[in-house]
Amino acid sequence: MEHRELIVAFDEIARRRGWSALHTPKNLAMALAVEVAELGRHLQWRDDAGIAVMMRGDEGHRVAAELADIQMYLVKLAEALGVDLDAALQDKIAENRRRADAAGVGADG
């Protein structure tokens, strides 16, 4: 789902429920933090093997739903702040590459 489609769907649900006025940057950031914490609750105290087993069961569907919530709130927050998330990602990846190159990370030496 493209960001624009996601925002349209998110806004339509918010409008139907009367939540649009609540979708301020502060509230969206707080909701995003809550969703990340809910994801963490599924992963906490499990090793990688335990997480792999969990993801094959019913709890895996709940983890997927938390990830979807995180993406929705992140995309809506970026829109509310006027941030082009795709451009920000490209800029951040380029910055990380420059840092890695400057530190010699991955160099064959």
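Residues numbered from 1 in each chain as written. Predicted model: local features only at pLDDT ≥ 70, side-chain atom pairs only at ≥ 80, totals over all residues. Heavy atoms only, no water.

Asks: Hey, could you run me through the overall build of the protein chain in this one?
Replies: In terms of helices and strands, the protein chain carries five helices and zero strands. Overall, the protein chain shows an N-to-C arrangement of helices and strands of α-α-α-α-α. Relative to the globule expectation of 13 Å for 109 residues, the C-alpha radius of gyration of the protein chain, 18 Å, shows a markedly less compact shape. Across the 109 residues of the protein chain, 21% fall into the buried class. Taking the contacts inside the protein chain whose residues are at least 6 apart along the sequence as the reference set, 66% of them involve residues at least 24 apart. Surface accessibility of the protein chain: about 7900 Å² in total, with carbon and sulfur atoms responsible for 57%. Looking at charge distribution, the protein chain has the averaged site of its 14 positive side-chain charges lying 5 Å from that of its 19 negative ones. (Helix = DSSP H or I, 4+ residues; strand = E, 2+ residues; numbered from the N terminus. Rg over C-alpha atoms; globule rule 2.2 N^0.38 Å. Buried < 20%, exposed > 50% of the residue type's maximum accessible area, 1.4 Å probe, protein only. Contact = heavy atoms within 4.5 Å. Areas by Shrake-Rupley, 256 points an atom, 1.4 Å probe, with all protein chains shown as cover. Lys, Arg positive; Asp, Glu negative; His and termini not counted. Charge placed at Lys NZ, Arg CZ, Asp CG, Glu CD.)

Asks: What's the story with the pattern of salt bridges in this structure? I'm lost.
Replies: A side chain with one charge can pair with a side chain of the opposite charge if their charged atoms come near. Tallied over the full model, the rule gives eight salt bridges. Linking Arg15 and Glu12 is a salt bridge whose minimum nitrogen-to-oxygen distance equals 3.8 Å. Of this pair, Arg15 and Glu12 both sit in helix α1 (residues 3-17), three residues apart, roughly one helical turn. Classification of Arg15 as exposed rests on a relative accessible area of 55%. On the accessibility criterion, Glu12 (29% relative accessible area) is partly exposed. Among the salt bridges present, the one from Glu79 reaches Lys76, with a minimum N-O distance of 2.7 Å. Residue Glu79 and its partner Lys76 are located together in helix α4 (residues 58-81), separated by three residues, close to a single helical turn. Relative accessible area serves as the criterion here: at 31%, Glu79 is assigned to the partly exposed category. (Salt bridge = Lys/Arg side-chain N within 4 Å of Asp/Glu carboxyl O.)

Asks: What am I meant to see in unusual backbone geometry here?
Replies: Leave glycine aside and you will find that most residues have negative phi; peptide bonds, for their part, are mostly trans. Positive phi, close to 70°, is recorded for Trp45, a residue that is not glycine. Residue position: Trp45 is located in the loop between α2 (25-43) and α3 (48-55). A relative accessible area of 80% means that Trp45 is categorised as exposed.

Asks: Explanation requested: the packing of aromatic side chains in the structure shown.
Replies: In this description, a pair of aromatic rings is defined by centroid distance and the angle of the planes. Inspection of the entire model under this criterion finds one aromatic pair. Their ring planes at 80° and their centres at 5.6 Å tell us that Phe10 and Tyr73 sit as a pair that is edge-to-face. Of this pair, Phe10 sits in helix α1 while Tyr73 sits in helix α4, and the two are 63 residues apart along the sequence. The buried category is assigned to Phe10, whose relative accessible area is 10%. (Phe/Tyr/Trp six-rings, centres within 6.5 Å; stacked < 30°, edge-to-face > 60°.)

Asks: Looking at this model, I keep getting lost on the packing of α1 against α4. Mind explaining?
Replies: To describe two helices that pack against each other, one gives the angle between their axes and the distance between the axes. Contact geometry of α1 with α4 gives a least axis separation of 10 Å together with a crossing angle of 95°. As the angle between them shows, α1 and α4 are arranged roughly perpendicular. Contact residues: α1 offers His3, Arg4, Leu6, Ile7, Phe10 and Asp11, while α4 offers Gln71, Met72, Tyr73, Val75, Lys76 and Glu79. Its residues assigned to classes, the contact of α1 with α4 comprises six nonpolar, two polar and four charged. (Axes fitted to C-alpha atoms, helices over the stretch in contact; angles between N-to-C directions. Parallel < 35°, antiparallel > 145°, perpendicular 65-115°, else oblique. Nonpolar A, V, L, I, M, F, W, Y, C, P; charged D, E, K, R; others polar.)

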